[in-house]
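# Breakdown of the fold
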Amino acid sequence: MKAPIRVAITGAAGNIGYALLFRLAAGDCYGPDQPIILQLVEIPPAMKALDGVCMELADCAFPLLHGIETADNPADGFKGANQIFMVGARPRSKGMERADLIQANGPIFVAQGKAIESAAADDVRAVVVGNPCNTNALICAKNAPGVPEGRITAMTRLDQNRAVSQVATKAGALASDVERMVVWGNHSPTMFADYFHATVKGQAVTSAVDEGWLQNDFLPLVGKRGAAIIEARGASSAASAASAAIDHMSTWWHGTKEGQWTSMAVPSHGQYGAPEGVMFSFAVTVSGGEYQIVDGIEHSDFAKEKLAATGDELANEREVVKDLLG
Ligand code: NAX
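These figures come from a predicted structure and were not determined experimentally.

### Things to note about the environment of Pro-32
Mapped onto the fold, Pro-32 is located in the loop between α1 (15-26) and β2 (36-41). Each C-alpha atom, one on Pro-32 and one on Leu-64, is 7.5 Å from the other, the two residues being 32 residues apart in sequence. With residues up to four places along the chain from it excluded, the contact list for Pro-32 reads Gly-27 and Leu-64.

Set out below in C-alpha coordinates:
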(Lines give C-alpha, C1' and ligand atoms only; values in the text may rest on other atoms or scores of the structure.)
Protein backbone atom coordinates (compact mmCIF):
# COMPACT_ATOMS: atom_id res chain seq x y z
CA MET A 1 0.00 0.00 0.00
CA LYS A 2 1.31 3.48 -0.89
CA ALA A 3 1.68 6.32 1.65
CA PRO A 4 -1.51 8.40 1.90
CA ILE A 5 -1.78 11.69 0.04
CA ARG A 6 -3.53 14.75 1.45
CA VAL A 7 -6.55 15.93 -0.52
CA ALA A 8 -8.18 19.24 0.46
CA ILE A 9 -11.70 20.20 -0.63
CA THR A 10 -13.32 23.59 -0.05
CA GLY A 11 -17.10 23.83 0.00
CA ALA A 12 -17.06 20.30 1.36
CA ALA A 13 -20.55 20.55 2.89
CA GLY A 14 -22.13 21.85 -0.33
CA ASN A 15 -23.92 19.98 -3.10
CA ILE A 16 -20.89 19.21 -5.24
CA GLY A 17 -18.88 18.39 -2.11
CA TYR A 18 -21.47 15.80 -1.11
CA ALA A 19 -21.16 14.10 -4.48
CA LEU A 20 -17.35 14.39 -4.56
CA LEU A 21 -16.10 13.22 -1.18
CA PHE A 22 -17.51 9.70 -1.27
CA ARG A 23 -16.09 9.00 -4.72
CA LEU A 24 -12.67 10.32 -3.69
CA ALA A 25 -12.71 8.13 -0.59
CA ALA A 26 -13.80 5.13 -2.67
CA GLY A 27 -10.67 5.45 -4.84
CA ASP A 28 -12.31 6.79 -8.01
CA CYS A 29 -9.69 9.51 -8.54
CA TYR A 30 -6.29 8.20 -7.50
CA GLY A 31 -6.86 4.47 -7.87
CA PRO A 32 -7.56 1.49 -5.62
CA ASP A 33 -4.03 1.37 -4.14
CA GLN A 34 -3.74 5.07 -3.16
CA PRO A 35 -4.95 5.92 0.36
CA ILE A 36 -5.99 9.49 1.08
CA ILE A 37 -6.46 11.83 4.01
CA LEU A 38 -9.34 14.23 3.39
CA GLN A 39 -8.95 17.83 4.55
CA LEU A 40 -12.40 19.39 4.42
CA VAL A 41 -12.70 23.17 4.38
CA GLU A 42 -15.88 25.16 4.99
CA ILE A 43 -17.00 28.52 6.32
CA PRO A 44 -17.90 28.70 10.04
CA PRO A 45 -21.73 28.55 9.59
CA ALA A 46 -21.40 25.31 7.62
CA MET A 47 -19.16 23.45 10.10
CA LYS A 48 -22.09 21.67 11.77
CA ALA A 49 -23.35 20.35 8.43
CA LEU A 50 -19.77 19.33 7.67
CA ASP A 51 -19.70 17.28 10.91
CA GLY A 52 -22.67 15.34 9.57
CA VAL A 53 -20.87 14.67 6.29
CA CYS A 54 -17.83 13.44 8.26
CA MET A 55 -20.06 11.04 10.22
CA GLU A 56 -21.37 9.60 6.97
CA LEU A 57 -17.86 9.28 5.53
CA ALA A 58 -16.81 7.40 8.67
CA ASP A 59 -19.88 5.18 8.39
CA CYS A 60 -18.81 4.03 4.93
CA ALA A 61 -15.67 2.42 6.43
CA PHE A 62 -13.76 3.14 3.22
CA PRO A 63 -10.49 1.14 3.30
CA LEU A 64 -8.60 3.91 1.45
CA LEU A 65 -9.70 6.69 3.79
CA HIS A 66 -6.83 7.08 6.25
CA GLY A 67 -8.08 10.23 7.95
CA ILE A 68 -10.58 13.09 7.90
CA GLU A 69 -9.65 16.57 9.09
CA THR A 70 -11.82 19.69 9.04
CA ALA A 71 -11.02 23.41 9.04
CA ASP A 72 -12.99 26.64 8.84
CA ASN A 73 -10.21 28.49 7.01
CA PRO A 74 -7.91 27.64 4.09
CA ALA A 75 -4.61 28.24 5.93
CA ASP A 76 -5.38 25.30 8.24
CA GLY A 77 -7.29 23.32 5.64
CA PHE A 78 -4.54 23.37 3.00
CA LYS A 79 -1.70 22.35 5.38
CA GLY A 80 0.47 19.81 3.56
CA ALA A 81 -2.16 19.30 0.85
CA ASN A 82 -0.91 17.55 -2.30
CA GLN A 83 -4.19 17.88 -4.20
CA ILE A 84 -6.78 20.64 -3.79
CA PHE A 85 -10.33 20.89 -5.10
CA MET A 86 -11.57 24.49 -4.72
CA VAL A 87 -15.31 24.03 -4.96
CA GLY A 88 -16.59 26.51 -2.37
CA ALA A 89 -17.83 29.85 -3.63
CA ARG A 90 -20.73 32.19 -3.18
CA PRO A 91 -23.62 31.13 -5.39
CA ARG A 92 -25.11 33.55 -7.90
CA SER A 93 -28.27 35.02 -6.39
CA LYS A 94 -31.29 36.42 -8.20
CA GLY A 95 -30.54 39.58 -10.17
CA MET A 96 -26.78 39.18 -9.74
CA GLU A 97 -24.80 39.91 -12.91
CA ARG A 98 -21.69 37.90 -13.80
CA ALA A 99 -19.49 40.89 -12.88
CA ASP A 100 -21.14 41.07 -9.41
CA LEU A 101 -20.44 37.36 -8.90
CA ILE A 102 -16.83 37.83 -9.94
CA GLN A 103 -16.40 40.64 -7.44
CA ALA A 104 -18.18 38.76 -4.64
CA ASN A 105 -16.04 35.65 -5.07
CA GLY A 106 -12.70 37.29 -5.80
CA PRO A 107 -11.59 37.87 -2.19
CA ILE A 108 -12.19 34.18 -1.34
CA PHE A 109 -9.60 33.22 -3.93
CA VAL A 110 -7.09 35.84 -2.76
CA ALA A 111 -7.08 34.17 0.67
CA GLN A 112 -6.99 30.68 -0.81
CA GLY A 113 -4.06 31.54 -3.11
CA LYS A 114 -2.07 32.86 -0.14
CA ALA A 115 -2.94 29.71 1.83
CA ILE A 116 -1.75 27.43 -0.98
CA GLU A 117 1.56 29.28 -1.10
CA SER A 118 2.11 29.23 2.67
CA ALA A 119 0.67 25.86 3.66
CA ALA A 120 0.32 23.34 0.82
CA ALA A 121 2.85 20.64 -0.11
CA ASP A 122 5.59 21.39 -2.66
CA ASP A 123 3.99 19.08 -5.24
CA VAL A 124 0.55 20.71 -4.90
CA ARG A 125 -1.88 20.56 -7.82
CA ALA A 126 -5.18 22.45 -7.59
CA VAL A 127 -8.39 22.79 -9.58
CA VAL A 128 -10.91 25.59 -9.18
CA VAL A 129 -14.54 24.56 -9.68
CA GLY A 130 -16.29 27.47 -7.91
CA ASN A 131 -17.54 30.00 -10.45
CA PRO A 132 -16.43 32.00 -12.32
CA CYS A 133 -13.79 29.30 -12.17
CA ASN A 134 -11.29 30.57 -14.77
CA THR A 135 -11.02 34.03 -13.24
CA ASN A 136 -11.10 32.68 -9.67
CA ALA A 137 -8.16 30.42 -10.61
CA LEU A 138 -6.33 33.45 -12.03
CA ILE A 139 -6.83 35.39 -8.78
CA CYS A 140 -5.69 32.38 -6.79
CA ALA A 141 -2.53 31.85 -8.87
CA LYS A 142 -1.58 35.54 -8.80
CA ASN A 143 -1.79 35.44 -5.01
CA ALA A 144 0.49 32.41 -4.87
CA PRO A 145 3.51 33.68 -6.82
CA GLY A 146 5.85 31.18 -5.13
CA VAL A 147 3.86 28.23 -6.46
CA PRO A 148 5.19 27.06 -9.84
CA GLU A 149 3.10 28.33 -12.76
CA GLY A 150 0.48 25.89 -13.99
CA ARG A 151 -0.19 24.19 -10.65
CA ILE A 152 -3.47 26.09 -10.19
CA THR A 153 -5.99 25.35 -12.94
CA ALA A 154 -9.72 25.66 -13.60
CA MET A 155 -12.24 23.04 -14.65
CA THR A 156 -13.78 22.86 -18.12
CA ARG A 157 -14.02 19.07 -18.04
CA LEU A 158 -17.75 19.16 -17.35
CA ASP A 159 -18.25 21.03 -20.63
CA GLN A 160 -16.04 18.49 -22.39
CA ASN A 161 -17.97 15.56 -20.89
CA ARG A 162 -21.27 17.14 -21.91
CA ALA A 163 -19.97 17.56 -25.48
CA VAL A 164 -18.69 13.97 -25.62
CA SER A 165 -21.98 12.59 -24.38
CA GLN A 166 -24.10 14.58 -26.86
CA VAL A 167 -22.00 13.51 -29.85
CA ALA A 168 -21.90 9.87 -28.71
CA THR A 169 -25.69 9.78 -28.38
CA LYS A 170 -26.18 11.43 -31.77
CA ALA A 171 -23.77 8.98 -33.45
CA GLY A 172 -25.25 5.93 -31.69
CA ALA A 173 -21.88 5.32 -30.03
CA LEU A 174 -20.51 5.14 -26.50
CA ALA A 175 -18.86 8.05 -24.70
CA SER A 176 -15.61 6.08 -24.76
CA ASP A 177 -15.78 6.00 -28.59
CA VAL A 178 -15.41 9.82 -28.75
CA GLU A 179 -11.85 11.21 -28.66
CA ARG A 180 -10.12 14.58 -28.93
CA MET A 181 -13.27 16.55 -28.06
CA VAL A 182 -11.91 19.60 -26.27
CA VAL A 183 -13.33 22.82 -24.94
CA TRP A 184 -11.59 26.14 -25.51
CA GLY A 185 -11.75 29.33 -23.42
CA ASN A 186 -13.98 30.20 -20.53
CA HIS A 187 -16.31 27.98 -18.49
CA SER A 188 -19.31 30.05 -19.55
CA PRO A 189 -21.74 29.99 -22.47
CA THR A 190 -19.00 31.53 -24.67
CA MET A 191 -16.83 28.41 -24.41
CA PHE A 192 -16.19 26.59 -27.66
CA ALA A 193 -16.69 22.81 -27.76
CA ASP A 194 -14.38 22.01 -30.68
CA TYR A 195 -15.95 19.21 -32.69
CA PHE A 196 -13.71 19.86 -35.72
CA HIS A 197 -10.86 17.74 -34.38
CA ALA A 198 -12.93 15.17 -32.52
CA THR A 199 -13.44 11.61 -33.70
CA VAL A 200 -16.05 8.97 -33.01
CA LYS A 201 -14.90 5.36 -33.48
CA GLY A 202 -11.87 6.83 -35.25
CA GLN A 203 -13.97 8.73 -37.83
CA ALA A 204 -14.14 12.57 -37.92
CA VAL A 205 -17.20 13.76 -35.99
CA THR A 206 -17.89 16.19 -38.84
CA SER A 207 -18.48 13.25 -41.22
CA ALA A 208 -20.10 10.90 -38.68
CA VAL A 209 -22.68 13.43 -37.50
CA ASP A 210 -24.81 15.94 -39.45
CA GLU A 211 -22.85 19.22 -39.61
CA GLY A 212 -26.03 21.33 -39.42
CA TRP A 213 -26.84 19.69 -36.08
CA LEU A 214 -23.30 20.31 -34.85
CA GLN A 215 -23.44 24.02 -35.65
CA ASN A 216 -27.06 24.82 -34.87
CA ASP A 217 -28.00 22.45 -32.05
CA PHE A 218 -24.92 20.92 -30.46
CA LEU A 219 -23.05 24.11 -29.54
CA PRO A 220 -26.04 25.84 -27.86
CA LEU A 221 -27.01 22.53 -26.20
CA VAL A 222 -23.60 22.18 -24.56
CA GLY A 223 -23.31 25.91 -23.80
CA LYS A 224 -26.70 26.05 -22.04
CA ARG A 225 -26.64 22.60 -20.41
CA GLY A 226 -26.09 24.01 -16.91
CA ALA A 227 -29.21 26.21 -17.22
CA ALA A 228 -31.24 23.27 -18.59
CA ILE A 229 -30.30 21.18 -15.54
CA ILE A 230 -31.32 23.97 -13.15
CA GLU A 231 -34.63 24.27 -15.01
CA ALA A 232 -35.32 20.51 -14.82
CA ARG A 233 -33.89 19.66 -11.40
CA GLY A 234 -34.51 22.89 -9.56
CA ALA A 235 -30.84 22.80 -8.52
CA SER A 236 -27.54 23.18 -10.33
CA SER A 237 -25.36 20.31 -11.57
CA ALA A 238 -23.76 18.54 -8.65
CA ALA A 239 -22.97 14.87 -9.33
CA SER A 240 -21.84 15.57 -12.90
CA ALA A 241 -19.69 18.49 -11.72
CA ALA A 242 -18.12 16.30 -9.04
CA SER A 243 -17.50 13.58 -11.60
CA ALA A 244 -15.83 16.07 -13.94
CA ALA A 245 -13.62 17.37 -11.11
CA ILE A 246 -12.53 13.79 -10.46
CA ASP A 247 -11.82 13.34 -14.18
CA HIS A 248 -9.75 16.56 -14.25
CA MET A 249 -7.58 15.59 -11.28
CA SER A 250 -7.42 11.91 -12.20
CA THR A 251 -6.14 12.73 -15.69
CA TRP A 252 -3.58 15.13 -14.20
CA TRP A 253 -2.48 12.37 -11.77
CA HIS A 254 -2.44 9.39 -14.15
CA GLY A 255 -1.79 11.18 -17.49
CA THR A 256 -3.51 11.05 -20.88
CA LYS A 257 -3.29 7.95 -23.05
CA GLU A 258 -1.21 8.03 -26.26
CA GLY A 259 -2.97 10.28 -28.80
CA GLN A 260 -5.61 11.44 -26.32
CA TRP A 261 -6.34 15.10 -25.52
CA THR A 262 -8.21 16.68 -22.66
CA SER A 263 -9.37 20.19 -21.71
CA MET A 264 -7.84 22.16 -18.84
CA ALA A 265 -8.02 25.88 -18.16
CA VAL A 266 -4.38 26.89 -17.59
CA PRO A 267 -2.29 30.08 -17.77
CA SER A 268 -2.26 31.46 -21.30
CA HIS A 269 0.89 32.71 -22.99
CA GLY A 270 -1.06 33.78 -26.05
CA GLN A 271 -1.24 30.38 -27.76
CA TYR A 272 -3.93 30.17 -30.45
CA GLY A 273 -4.57 33.92 -30.11
CA ALA A 274 -5.83 33.64 -26.50
CA PRO A 275 -5.18 36.76 -24.42
CA GLU A 276 -1.96 36.44 -22.44
CA GLY A 277 -2.27 36.13 -18.68
CA VAL A 278 -5.77 34.68 -18.39
CA MET A 279 -6.77 31.11 -17.48
CA PHE A 280 -7.82 29.76 -20.86
CA SER A 281 -9.04 26.23 -21.55
CA PHE A 282 -6.79 24.55 -24.12
CA ALA A 283 -6.36 21.08 -25.58
CA VAL A 284 -3.65 19.48 -23.45
CA THR A 285 -1.85 16.20 -22.99
CA VAL A 286 -0.59 15.15 -19.56
CA SER A 287 2.41 13.08 -18.56
CA GLY A 288 4.25 12.73 -15.23
CA GLY A 289 1.95 15.23 -13.52
CA GLU A 290 2.70 17.99 -16.06
CA TYR A 291 0.35 19.20 -18.76
CA GLN A 292 1.45 20.29 -22.20
CA ILE A 293 -0.68 22.49 -24.48
CA VAL A 294 -1.14 20.67 -27.80
CA ASP A 295 0.76 22.43 -30.59
CA GLY A 296 -0.17 23.04 -34.19
CA ILE A 297 -3.94 22.59 -34.20
CA GLU A 298 -5.41 24.28 -37.28
CA HIS A 299 -8.57 26.30 -36.65
CA SER A 300 -11.17 27.31 -39.23
CA ASP A 301 -12.34 30.94 -39.41
CA PHE A 302 -15.53 29.89 -37.59
CA ALA A 303 -13.47 28.37 -34.76
CA LYS A 304 -11.14 31.39 -34.64
CA GLU A 305 -14.15 33.67 -34.14
CA LYS A 306 -15.35 31.49 -31.27
CA LEU A 307 -11.91 31.49 -29.64
CA ALA A 308 -11.68 35.27 -29.97
CA ALA A 309 -15.10 35.79 -28.34
CA THR A 310 -14.39 33.59 -25.34
CA GLY A 311 -10.92 35.14 -25.01
CA ASP A 312 -12.42 38.64 -25.00
CA GLU A 313 -14.77 37.60 -22.21
CA LEU A 314 -11.85 36.34 -20.11
CA ALA A 315 -9.88 39.54 -20.73
CA ASN A 316 -12.92 41.55 -19.56
CA GLU A 317 -13.25 39.40 -16.43
CA ARG A 318 -9.58 39.98 -15.67
CA GLU A 319 -10.20 43.73 -15.93
CA VAL A 320 -13.01 43.48 -13.34
CA VAL A 321 -10.65 41.82 -10.80
CA LYS A 322 -7.43 43.66 -11.64
CA ASP A 323 -7.14 44.98 -8.06
CA LEU A 324 -7.06 41.40 -6.73
CA LEU A 325 -4.24 40.10 -8.87
CA GLY A 326 -1.51 40.45 -6.25
P1 NAX B 1 -23.35 24.98 -2.77
O2 NAX B 1 -23.85 26.36 -2.50
O3 NAX B 1 -24.23 23.79 -2.56
O4 NAX B 1 -22.04 24.72 -1.92
C5 NAX B 1 -20.99 25.63 -1.83
C6 NAX B 1 -20.34 25.40 -0.50
O7 NAX B 1 -19.20 26.24 -0.45
C8 NAX B 1 -21.23 25.78 0.70
O9 NAX B 1 -21.28 24.69 1.61
C10 NAX B 1 -20.54 27.00 1.29
O11 NAX B 1 -20.65 27.06 2.71
C12 NAX B 1 -19.09 26.74 0.86
N13 NAX B 1 -18.26 27.95 0.83
C14 NAX B 1 -18.60 29.21 0.46
N15 NAX B 1 -17.55 30.04 0.60
C16 NAX B 1 -16.53 29.28 1.05
C17 NAX B 1 -15.19 29.56 1.42
N18 NAX B 1 -14.71 30.80 1.35
N19 NAX B 1 -14.41 28.55 1.85
C20 NAX B 1 -14.89 27.28 1.95
N21 NAX B 1 -16.16 26.95 1.64
C22 NAX B 1 -16.96 27.94 1.19
O23 NAX B 1 -22.79 25.02 -4.27
P24 NAX B 1 -22.40 23.81 -5.23
O25 NAX B 1 -23.60 23.39 -5.99
O26 NAX B 1 -21.65 22.80 -4.46
O27 NAX B 1 -21.45 24.58 -6.27
C28 NAX B 1 -20.19 25.06 -5.88
C29 NAX B 1 -19.59 25.93 -6.97
O30 NAX B 1 -19.38 25.18 -8.15
C31 NAX B 1 -20.45 27.12 -7.37
O32 NAX B 1 -19.64 28.27 -7.48
C33 NAX B 1 -20.95 26.72 -8.75
O34 NAX B 1 -21.26 27.83 -9.55
C35 NAX B 1 -19.76 25.96 -9.27
N36 NAX B 1 -19.98 25.08 -10.42
C37 NAX B 1 -18.97 24.98 -11.33
C38 NAX B 1 -19.06 24.15 -12.42
C39 NAX B 1 -17.93 24.04 -13.40
O40 NAX B 1 -18.08 23.32 -14.39
N41 NAX B 1 -16.80 24.71 -13.21
C42 NAX B 1 -20.29 23.35 -12.69
C43 NAX B 1 -21.14 23.16 -11.48
C44 NAX B 1 -21.23 24.35 -10.57
O45 NAX B 1 -22.18 25.25 -11.10
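### Comments concerning the packing of aromatic side chains
Considering all chains together, one arrives at 11 aromatic pairs under this definition. A ring pair is formed by Tyr-195 and Phe-218, whose centres lie 5.9 Å apart and whose planes are at 80°; its orientation type is edge-to-face. Here Tyr-195 is found in the loop between β9 (192-194) and β10 (199-200), whereas its partner Phe-218 is found in helix α8 (residues 211-223), with 23 residues between them in sequence. For the residue pair Tyr-195 and Phe-218, the accessibility class agrees, reading buried in each case. Ring centres 5.0 Å apart and planes at 45° place the aromatic pair Phe-280 and Phe-282 in the tilted group. An identical accessibility class is assigned to Phe-280 and Phe-282; each is buried. Here the aromatic residues Phe-192, Tyr-195, Phe-196, Trp-213, Phe-218 and Phe-302 are joined through ring pairs into a cluster of three or more.

### Description of the site of the ligand
Near the ligand, the surroundings consist of 25 residues, among which Asn-15, Ile-16, Glu-42, Val-129 and Asn-131 are the closest. Gly-14 places a main-chain nitrogen or oxygen 3.4 Å from an oxygen atom of the ligand. Here His-187 contributes a side-chain N or O atom positioned 3.2 Å from an oxygen atom of the ligand. Protein chains shield 83% of the accessible area of the ligand, which is 880 Å² for the free molecule. Counted by class, the shell around the ligand contains 13 nonpolar, 11 polar and 1 charged residues. Lining the shell around the ligand are residues from two domains, each supplying at least three of them: domain 1 (5-154) and domain 2 (157-320).

### Thoughts on the environment of Leu-314
Residue position: Leu-314 is located in helix α11 (residues 301-320). Separated by 126 residues in the primary sequence, Leu-314 and Ser-188 place their C-alpha atoms 9.8 Å from one another. Discounting chain neighbours no more than four positions away, the residues touching Leu-314 are Asn-134, Thr-135, Gly-185, Asn-186, Val-278, Met-279 and Phe-280.

### Things to note about the sheet that holds strand β11 (residues 203-204)
Spatially, 3 strands are ordered β7-β10-β11 in an open sheet, and the strand pairing comes out antiparallel. Whereas interior strands pair on both sides, the edge strands pair on one side only; in this sheet they are β7 (178-179) and β11. Where β10 lies against β11, 2 bridges are found, and the strand directions are antiparallel. What sits directly across from Val-200, in β11, is Gln-203.

### Section: helix α6 (residues 157-171)
Helix length check: α6, at 15 residues, gives a terminal C-alpha distance of 21 Å against a target of 21 Å (1.5 Å per residue), a fit within 8%. Those residues of α6 that fall on the buried side of the exposure criterion are Arg-157, Leu-158, Asp-159, Gln-160, Arg-162, Ala-163, Val-164, Gln-166, Val-167 and Ala-168.

### Points about the side chain of Arg-151
Take Arg-151: it is sitting in the loop between α5 (133-142) and β6 (152-154). Buried within the structure, Arg-151 lacks any salt-bridge partner; Glu-290 is the closest side chain of opposite charge, at an N-O distance of 4.8 Å. Those residues in contact with Arg-151 that sit more than four places away from it in its chain are Asp-122, Asp-123, Val-124, Arg-125, Ala-126 and Trp-252.

### Comments concerning the domain arrangement of the chain
Accessible area lost on assembly of the parts is the figure often given for the size of an interface. Split by domain assignment, the chain resolves into domain 1 (5-154) and domain 2 (157-320). A separation of 23 Å is found between the C-alpha centroids of domain 1 and domain 2. Opposite the 37 residues of domain 1 that make contact, domain 2 presents 36 residues. Of the roughly 2800 Å² buried between domain 1 and domain 2 on both sides combined, carbon and sulfur atoms contribute 64%. Counting across the domain 1 and domain 2 interface gives 1 salt bridge. Here Arg-125 ties to Glu-290 by a salt bridge, and the two come within 3.3 Å at their closest N and O atoms. Linking domain 1 with domain 2 are 12 residue pairs in polar contact (both at pLDDT 80 or more), by the criterion used here. At the level of elements, α1, β4 (83-86), α4 (98-119), β5 (125-128), α5 and β6 are the ones that each hand at least two residues to the side of domain 1 that touches domain 2. Within the side of domain 1 that touches domain 2, the residues separate by chemical class into 21 nonpolar, 10 polar and 6 charged.

### What to know about α1
Regarding α1, the residues found buried are Ile-16, Gly-17, Leu-20, Leu-21, Phe-22, Leu-24 and Ala-25. Buried-residue contacts for α1 involve β1 (5-10), β2, α2 (47-59), β3 (65-71), β4 and α10 (239-254). One or two positions beyond α1, positive phi appears at Gly-27, with a value near 100°.

### So, the pairing of β4
Alternating positions in β4 separate into two faces, Gln-83 and Phe-85 on one and Ile-84 and Met-86 on the other, with burial throughout. Relative to β4, β1 runs parallel, the two sharing 4 bridges. Note that in β4 the partner of Thr-10 across the bridge is Met-86. Taken together, the 4 bridges between β4 and β5 define a ladder with parallel strand orientation. Residue pairing across strands places Phe-85 opposite Val-127, the latter belonging to β5. In this view, the connection linking β4 to its parallel neighbour β5 by way of α4 has right-handed handedness.

Rules used throughout
- Residues numbered from 1 in each chain as written.
- Predicted model: local features only at pLDDT ≥ 70, side-chain atom pairs only at ≥ 80, totals over all residues.
- Heavy atoms only, no water.
- Helix = DSSP H or I, 4+ residues; strand = E, 2+ residues; numbered from the N terminus.
- Contact = heavy atoms within 4.5 Å.
- Phe/Tyr/Trp six-rings, centres within 6.5 Å; stacked < 30°, edge-to-face > 60°.
- Buried < 20%, exposed > 50% of the residue type's maximum accessible area, 1.4 Å probe, protein only.
- Near = heavy atom within 4 Å.
- Polar contact = N/O pair within 3.5 Å; in protein donor to acceptor, adjacent residues only side chain to side chain.
- Areas by Shrake-Rupley, 256 points an atom, 1.4 Å probe, with all protein chains shown as cover.
- Nonpolar A, V, L, I, M, F, W, Y, C, P; charged D, E, K, R; others polar.
- Domains from an automatic or database assignment.
- Pairing = 2+ DSSP bridges.
- Expected span 1.5 Å × (residues − 1).
- Lys, Arg positive; Asp, Glu negative; His and termini not counted.
- Salt bridge = Lys/Arg side-chain N within 4 Å of Asp/Glu carboxyl O.
- Buried area = accessible area lost by both parts, 1.4 Å probe.
- Right-handed = clockwise from strand over helix to strand, strands pointing away.

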